[in-house]
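Now for the letters of each chain:
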Amino acid sequence: LARLYREKVETEMNNVCAEILSLIDEILNSKRNTVDSKVFFLKMKGDYYRYEAEYQTAGANRTKYGNTAAENAQRSYQEATDIAADELPPTNPIKLGLALNYSVFFYEVKTEPETACNMARQAFDHAIAELDNL
């Protein structure tokens, strides 16, 4: 009974995430994106794939679907990070939010706490160093 309920809830969550990810892709494919909005929506895309990876990989058995969600999350976060590194200042709130969420991905999904802490610390240190120039 519990397994059936879990499957039902997971299916509903998959549908909601798929709908949101489709909307995000529509926004990202529009020609009116600024650098801020592109980084923001790529971060959001990574977030929703991370959510999928978190609930789909619960328990001892990591599913193929969960692995795919984790790979998609990492791809989205990395693309956003690459754009933000070139185009946004270290103190930009979207860039800082991206670094935080990407570090949560490494901590929770990839189970790499050292990488997660280093990523968050680096973003924090760069922002603090830049505060004097504001």
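Here the residue index of a chain counts from 1 through its sequence in written order. Thresholds applied to this predicted model are a pLDDT of at least 70 for local features of residues and 80 or more for the giving and counting of side-chain atom pairs; totals over whole chains, interfaces and linings are not thresholded and use all residues. For side-chain calculations, the full set of non-hydrogen atoms in the structure is used, while hydrogens and water are omitted.

Caption draft 1: Looking closely at a nonpolar patch on the surface. Two joining distances apply to patches: 9 Å for like charges and 5 Å for nonpolar side chains (Val, Leu, Ile, Met, Phe, Trp, Tyr), and every residue must have over 30% relative accessible area and no salt bridge. Here, Shrake-Rupley sampling with a 1.4 Å probe gives the accessible areas, and only protein chains in the shown set may cover a residue. A pair is scored as a salt bridge if a Lys or Arg side-chain nitrogen falls within 4 Å of a carboxyl oxygen belonging to Asp or Glu. A cluster of nonpolar residues, Phe 124, Ile 128, Leu 131 and Leu 134, forms a patch on the protein surface that exposes about 420 Å² of accessible area. Helix and strand definitions follow DSSP, with helices as H or I runs of at least four residues and strands as E runs of at least two, each counted in order from the N terminus. Assignment of secondary structure puts Ile 128 in helix α5 (residues 113-131).

Caption draft 2: Up close: the side chain of Ser 103. When you line up the elements, Ser 103 lands in helix α4 (residues 93-108). Judged by relative accessible area, Ser 103 falls into the buried class, the value being 6%. The term polar contact refers here to a pair of N or O atoms within 3.5 Å; inside protein, the definition further demands a hydrogen-donor-capable atom paired with an acceptor-capable atom, and it admits residues adjacent in sequence only when both atoms are side-chain atoms. Here Leu 100 takes part through its backbone oxygen, which lies 2.6 Å from a polar atom of the side chain of Ser 103. Here a residue-residue contact requires only that any non-hydrogen atoms of the pair lie within 4.5 Å. Among all residues touching Ser 103, those that are not within four sequence positions of it are Ala 116, Met 119 and Ala 120. We call a residue buried when its accessible area falls under 20% of the maximum for its residue type, exposed when it is over 50%, and partly exposed in between, using a 1.4 Å probe and counting protein chains only.

Caption draft 3: Layout of the packing of aromatic side chains. Note on aromatic pairs: the rings of Phe, Tyr and Trp (six-membered ring only in Trp) are paired at centre separations within 6.5 Å, and the planes decide the class, stacked below 30 degrees, edge-to-face beyond 60, tilted for the rest. According to the stated counting rule, one finds 7 aromatic pairs in the structure shown. Ring centres of Tyr 77 and Phe 105 lie 5.8 Å apart, and the angle between their planes is 55°; this geometry places the pair in the tilted category. Here the residue Tyr 77 occupies a position in helix α3 (residues 64-87), and Phe 105 occupies one in helix α4, the gap between them amounting to 28 residues. Given the relative accessible area of 0%, Tyr 77 is considered buried. Centroid distance Phe 105 to Phe 106: 5.6 Å. Interplanar angle 75°. Geometry classified as edge-to-face. Like Phe 105, the residue Phe 106 is buried in the burial classification.

Caption draft 4: Geometry of the confidence of the model for the chain. Per-residue confidence from the prediction method is given by pLDDT, with values spanning 0 to 100. The share of residues in the chain with pLDDT of 70 or more is 92%, and the mean pLDDT across the chain is 90. Within the chain, α3 has the poorest average pLDDT of any element, 89, and α4 the best, 97.

Caption draft 5: Region of interest: the packing of helix α1 (residues 2-29) against helix α2 (residues 35-56). Direction vectors running N to C along α1 and α2 enclose 165°, while the axes themselves pass 10 Å from each other. Taken together, the axes of α1 and α2 are roughly antiparallel relative to one another. Crossing of α1 over α2 shows left-handed handedness. Here Arg 6, Glu 10, Met 13, Asn 14, Cys 17, Ala 18, Ile 20, Leu 21, Ile 24, Asp 25, Ile 27 and Leu 28 of α1 lie close against α2, whose contacting residues are Lys 38, Phe 41, Leu 42, Met 44, Lys 45, Tyr 48, Tyr 49, Glu 52, Tyr 55 and Gln 56. Each residue gets one label: Ala, Val, Leu, Ile, Met, Phe, Trp, Tyr, Cys and Pro are nonpolar, Asp, Glu, Lys and Arg are charged, and the others, such as Gly, are polar. Class assignment for the residues of the contact of α1 with α2 results in 14 nonpolar, 2 polar and 6 charged. The axes are straight lines fitted to the C-alpha atoms, using for helices just the contacting stretch, and the angles between their N-to-C directions are given from 0 to 180°. Here the angle decides the label: under 35 degrees means roughly parallel, over 145 means roughly antiparallel, 65 to 115 means roughly perpendicular, and every other value means oblique. Rotating anticlockwise by less than a right angle from the far helix to the near helix defines a left-handed crossing, while the corresponding clockwise rotation defines a right-handed one.

Caption draft 6: Region of the structure containing the nonpolar core. Counting residues in hydrophobic clusters, the biggest one holds 22 residues, and the most contacted among them are Val 39, Tyr 77, Leu 98, Tyr 102, Phe 105 and Phe 106. Within the residue set of this core, elements represented by two or more residues are α1, α2, α3, α4 and α5. Considering every element that reaches this core, the biggest residue donor is α3, with 6 residues. Each nonpolar core is a collection of buried residues, namely Ala, Val, Leu, Ile, Met, Phe, Trp, Tyr and Cys, held together in the definition by side-chain atoms within 4.5 Å.

Caption draft 7: View of the environment of Asp 47. Among the secondary structure elements, Asp 47 is positioned in helix α2. Look at Asp 47 and you get buried, because its relative accessible area is 5%. For the pair Asp 47 and Tyr 102, spaced 55 residues apart in sequence, the C-alpha to C-alpha distance is 8.3 Å. With sequence-adjacent residues up to four places away left out, Asp 47 is seen in contact with Tyr 77 and Asn 101. In this structure the side chain of Asp 47 is engaged in a polar contact, spanning 3.0 Å, whose partner is the side chain of Asn 101.

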